[in-house]
Each structure stands twice: as structure tokens, then as C-alpha cells.
Amino acid sequence: RQSEAKYRLLAERASDIIHHLTPEGRLVFISPSVEGVLGYTPEEMARINDVMPHIHADDRNRVALYYGHLFEEDGTTRLEYRFRHKYGHYVWVETTMRPVRDPATLAITELIGTTRDMSERKLQEFELLEARERAEAASRTKSRFLANMSHELRTPLNAIIGFSDLLSHTRLEEEQQEYVRTINQAADALLVLINDI
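Residues numbered from 1 in each chain as written. Predicted model: local features only at pLDDT ≥ 70, side-chain atom pairs only at ≥ 80, totals over all residues. Heavy atoms only, no water.

1. Thoughts on the overall build of the protein
Here is step 1: The secondary structure content of the protein amounts to 6 helices and 5 strands.
Here is step 2: Counting from the amino terminus, the protein carries its helices and strands in the arrangement α-β-β-α-α-α-β-β-β-α-α.
Here is step 3: Relative to the 2.2 N^0.38 estimate, which gives 16 Å for 197 residues, the radius of gyration of the protein is 35 Å and therefore markedly larger than a compact globule would have.
Here is step 4: The proportion of buried residues among the 197 residues of the protein is 29%.
Here is step 5: Pairs at least 24 apart in sequence give 45% of the contacts found in the protein among residues at least 6 apart.
Here is step 6: Of the side chains in the protein, 25 bear a positive and 32 a negative charge, and the two mean positions are spaced by 7 Å. (Helix = DSSP H or I, 4+ residues; strand = E, 2+ residues; numbered from the N terminus. Rg over C-alpha atoms; globule rule 2.2 N^0.38 Å. Buried < 20%, exposed > 50% of the residue type's maximum accessible area, 1.4 Å probe, protein only. Contact = heavy atoms within 4.5 Å. Lys, Arg positive; Asp, Glu negative; His and termini not counted. Charge placed at Lys NZ, Arg CZ, Asp CG, Glu CD.)

Quick look at the structure:
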């Protein structure tokens, strides 16, 4: 009795939801912390016969597969999904469950697990993902801009270099030759700069 009272006290004081299910999925026990996470009292949760309608439509298949794997594996399994709060919005939760087997028959007698609210962590993950996507988009835009700018500058620059080369091989006065060399050197320097950029 002392041991049971101690574990019940721990379960009732934990911030994570502690739950105990039959192999068929019927709720035997759920800790009071469910109210802080999902808005339901333990009694209200006990009256929910099928949790699937409370799970976000996009996550239902994964939850069903997860529940099926519980019977194939003996270790602890973990899953993230969205559960509808009593007031209608969805809460990201992480559930960790483990089957308990009868030592004689090895049949699963119960499922024991914990569920924690991970909405804040998910929000941070989404914000980080959005920031990365924005940075990648900015990088792609910058690359496109530089490629376009490079093309737009090189086209007339190649003409300047080509015609100044052509002019340098024609008969010009010394002063004119100097002007052509200056044009050619400046154009070459600008082309090197564009290539570096």
C-alpha cells in the first residue's frame, strides 16, 4: 500500500501525463496533469472511447502504425503528434510507451506510457525551419542577381575589350594609342573584378 501510494503521489505530481492502458487501448489510469496539457480532467479522458478523432487528421496514420508496432517490440517507443485540446486547438505532444508482458505467457497485459507537451519546442523548430528557408531563398536570390548582373556587365564589357584590342592594332597617333591601352586595361581590370564577385 505504501509503495502504491508513493507511485500514485509521483504520478499525480508529475508535469508529464502518465497513462496506463489495457492492450485493447482502454484507459485504466491517467494522471491529473492531463488537464494542464490537454484541458480534460482524468474523468473526461476516461469517457473517451476512441482517441483517433481527437488526433490531427495528418497524424492519424502514423499513430495507428505506432500503436501496431507496440505489440511487435518490447522496447520503449516514441511518437510526436497533434492532439486536439478540449477547447479545440491542437497541441503537439510526444508520447513514449512500453508494453508490459506476462512473464509466463509473454502476452501483453498492459501498456504504460507518458505524454508531454512539446508545442513550444515544435514552435521553435518551425521558426528555425522558416528562418533557414528564408536564408536559403535570400541566398538563391543573391546568386540569381549576381549571375544576371555578371551577364549584363560582361556583354558590353566584352565588346569594349574586343574593340579596344582591334583599335590597338590600327594606325593611330601615339596619344590615341595611349587612350586605347587605358580603355583596354580598365576593361580587363573590371572583368577580373566581375569574375571575382
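2. Focus: the pairing of strand β2 (residues 27-30)
Here is step 1: Pairing geometry for strand β1 (residues 17-21) and β2, over 3 bridges, is antiparallel. In the sheet register, His 19 faces β2, and the bridge partner there is Ile 30.
Here is step 2: Where β1 folds back onto β2 in an antiparallel hairpin, the turn is made up of 5 residues, including Gly 25, whose phi is positive at roughly 95 degrees. (Pairing = 2+ DSSP bridges.)

3. Section: helix α5 (residues 119-168)
Note: α-helices contain 3.6 residues per turn, so residues at a spacing of three or four share the same orientation.
Here is step 1: End to end, α5 covers 71 Å across 50 residues, agreeing with the expected 74 Å (1.5 Å per residue, within 8%).
Here is step 2: Of all the bends in α5, the greatest reaches close to 25 degrees and is centred on Arg 154; the proline Pro 156 follows between one and four positions later.
Here is step 3: The inward-facing, buried residues of α5 contact β3 (77-84), β4 (90-101) and α6 (174-196). (Expected span 1.5 Å × (residues − 1). Bend = angle between axes of the 7 residues up to and from the residue.)

4. Considerations on the sheet that holds β1
In a beta sheet, neighbouring strands pair by backbone hydrogen bonds and run either parallel or antiparallel.
Here is step 1: What the 5 strands build is an open sheet, ordered β2-β1-β5-β4-β3; its pairing is antiparallel. Both edges of this open sheet fall to β2 and β3, since each of them pairs with a single strand only. Between one strand and the next, the sheet's axes are offset by a mean angle of 25 degrees, whatever the strand orientation.
Here is step 2: Sheet topology places β1 next to strand β5 (residues 108-117); 5 bridges connect them, and they run antiparallel. For His 20, the partnering residue across the bridge sits in β5 and is Ile 112.
Here is step 3: Across the sheet, helix α4 (residues 60-70) is in contact with β3, β4 and β5; its angle to β3 comes to roughly 145 degrees. (Axes fitted to C-alpha atoms, helices over the stretch in contact; angles between N-to-C directions.)

5. Comments concerning the layout of surface pockets
Here is step 1: A volume near 650 Å³ is recorded for the largest pocket.
Here is step 2: Residue lining of the largest pocket: 29 residues in total, with Leu 21, Gly 25, Val 51, Tyr 81 and Phe 83 positioned closest to the centre.
Here is step 3: Listing elements by their share of the lining of the largest pocket, those giving two or more residues are β1, β2, α2 (34-38), α3 (42-46), α4, β3 and β4.
Here is step 4: The biggest single contributor to the lining of the largest pocket is α4, with 4 residues.
Here is step 5: Of the residues assigned to the lining of the largest pocket, the class counts are 21 nonpolar, 5 polar and 3 charged. (1 Å grid on protein atoms, 1.4 Å probe; cavity = no way out; pocket = protein on both sides within 12 Å on 5 of 7 lines; lining within 4 Å. Points joined across faces, edges and corners; volume = space filled by probe spheres on them. Nonpolar A, V, L, I, M, F, W, Y, C, P; charged D, E, K, R; others polar.)

6. Things to note about the packing of aromatic side chains
Here is step 1: Under the definition given, this model contains 1 aromatic pair.
Here is step 2: In this arrangement the basic side chain of Lys 122 is found over the ring face of Trp 92, its NZ or CZ atom lying 4.5 Å from the centre. (Phe/Tyr/Trp six-rings, centres within 6.5 Å; stacked < 30°, edge-to-face > 60°. Lys NZ or Arg CZ within 6 Å of the ring centre and 35° of its normal.)

7. Brief notes about the environment of Arg 78
Here is step 1: Tracing the backbone shows Arg 78 in strand β3.
Here is step 2: Expressed as a C-alpha distance, the spacing of Arg 78 and Met 97, which sit 19 residues apart in the sequence, is 6.6 Å.
Here is step 3: For Arg 78, the residues in contact, after removing those within four places along its chain, are Tyr 66, Glu 94, Thr 95 and Thr 96.
Here is step 4: Among the polar contacts made by the side chain of Arg 78, one reaches the side chain of Thr 96 at a distance of 3.5 Å. (Polar contact = N/O pair within 3.5 Å; in protein donor to acceptor, adjacent residues only side chain to side chain.)

8. Considering the nonpolar core
Here is step 1: Of all hydrophobic cores here, the largest spans 22 residues; its most connected members are Leu 38, Met 45, Tyr 81, Phe 83 and Val 93.
Here is step 2: Mapped onto this core, the elements with two or more residues apiece are β1, β2, α2, α4, β3, β4 and β5.
Here is step 3: Contacts of Phe 83, omitting those with residues within four sequence positions, involve Leu 38, Tyr 40, Met 45, Val 51, His 54, Ile 55, His 89, Tyr 90, Val 91 and Val 93.
Here is step 4: Judged by nonpolar contacts, the second largest core, of 5 residues, contains Ile 161, Ala 187, Leu 191 and Ile 194. (Core = buried A, V, L, I, M, F, W, Y, C linked by side-chain atoms within 4.5 Å.)

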